[in-house]
Amino acid sequence: ASRPHAMTHCRLPLGHDDLLLRLRRVEGQVRGIQRMVETDETCADTLTQIASARAALTAVAIGLFDEEIARVAASGGTADDLAAIRSSLGLFAQH
């Protein structure tokens, strides 16, 4: 019996290591933002770094969705698989 697919173990097309590297870079960006707030850097500079970190996370999310869509398409995904992707995309778009 087919069970609905929960989006798990998905990876960027370049692989798991690339995903982890990108996330470590975002982590470094966030630590940098924390230091900027602690040292009273300008609002404009801090917001620029926040926008950059947010864009980096969005790029990771898009890569995850791309990989998941390719996986589902290659496996002849079911309506439940597609519904799970749509649901996850909807949640992502809300935030």
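Anything mentioned here points back to the structure above.
Residues numbered from 1 in each chain as written. Predicted model: local features only at pLDDT ≥ 70, side-chain atom pairs only at ≥ 80, totals over all residues. Heavy atoms only, no water.

**As for the overall build of the protein chain**
- Helices and strands together make up the secondary structure of the protein chain, namely three helices and zero strands.
- Scanning the protein chain from its N terminus toward the C terminus, one meets helices and strands in the order α-α-α.
- When burial is assessed residue by residue, the protein chain has 22% of its 95 residues classed as buried.
- Across the protein chain, the fraction of contacts at a sequence separation of at least 24, relative to all contacts at a separation of at least 6, is 64%.
- Counting every atom, the protein chain has about 6800 Å² of accessible surface; 59% of that belongs to carbon and sulfur. (Helix = DSSP H or I, 4+ residues; strand = E, 2+ residues; numbered from the N terminus. Buried < 20%, exposed > 50% of the residue type's maximum accessible area, 1.4 Å probe, protein only. Contact = heavy atoms within 4.5 Å. Areas by Shrake-Rupley, 256 points an atom, 1.4 Å probe, with all protein chains shown as cover.)

**Here's the deal with the environment of Phe92**
- Within the element layout of this structure, Phe92 appears in helix H3 (residues 79-94).
- Residue class for Phe92 comes out partly exposed when judged on its relative accessible area of 34%.
- In the structure, Phe92 is positioned 30 residues away from Ile62 in sequence and 9.9 Å away in space, judged by C-alpha atoms.

**A few points about the pattern of salt bridges**
- Summed over all chains, the structure comprises three salt bridges.
- The partner of Glu27 in a salt bridge is Arg31, and the shortest N-O contact between them spans 3.5 Å. Here Glu27 and its partner Arg31 are both found in helix H1 (residues 16-38), four residues apart, which amounts to about one turn of the helix.
- Under the relative-accessibility criterion, Glu27 is labelled partly exposed at 43%. (Salt bridge = Lys/Arg side-chain N within 4 Å of Asp/Glu carboxyl O.)

**What to know about unusual backbone geometry**
- Phi is positive for Asp40, close to 55°, though the residue is something other than glycine.
- By the element assignment, Asp40 lies in the loop between H1 and helix H2 (43-74).
- Take Asp40: its relative accessible area is 67%, and that puts it in the exposed class.

**Some remarks on H2**
- With 32 residues, H2 ought to run about 46 Å at 1.5 Å a step, and its terminal C-alpha atoms sit 46 Å apart, in line with that.
- Residues of H2 that are buried include every one of Thr46, Ala53, Val60, Ala61, Gly63, Phe65, Glu68 and Val72, and no others.
- Positive backbone phi, approximately 65°, marks Gly76, located one or two places after H2. (Expected span 1.5 Å × (residues − 1).)

**Focus: the side chain of Thr46**
- Position of Thr46 among the secondary structure elements: in helix H2.
- Setting aside residues up to four positions removed in sequence, Thr46 forms contacts with Ile33, Met36, Val37 and Glu41.

**Side note on the packing of H2 against H3**
- Interaxial distance between H2 and H3 falls to 10 Å at its minimum, and their mutual angle equals 170°. The angle between the axes of H2 and H3 places the two elements in the roughly antiparallel class. Across from Thr58, Ala61, Phe65, Glu68, Ile69 and Val72 in H2, the residues of H3 making contact are Asp81, Leu82, Ile85, Ser88, Leu89 and Phe92.
- Classifying every residue of the contact of H2 with H3 gives eight nonpolar, two polar and two charged. (Axes fitted to C-alpha atoms, helices over the stretch in contact; angles between N-to-C directions. Parallel < 35°, antiparallel > 145°, perpendicular 65-115°, else oblique. Nonpolar A, V, L, I, M, F, W, Y, C, P; charged D, E, K, R; others polar.)

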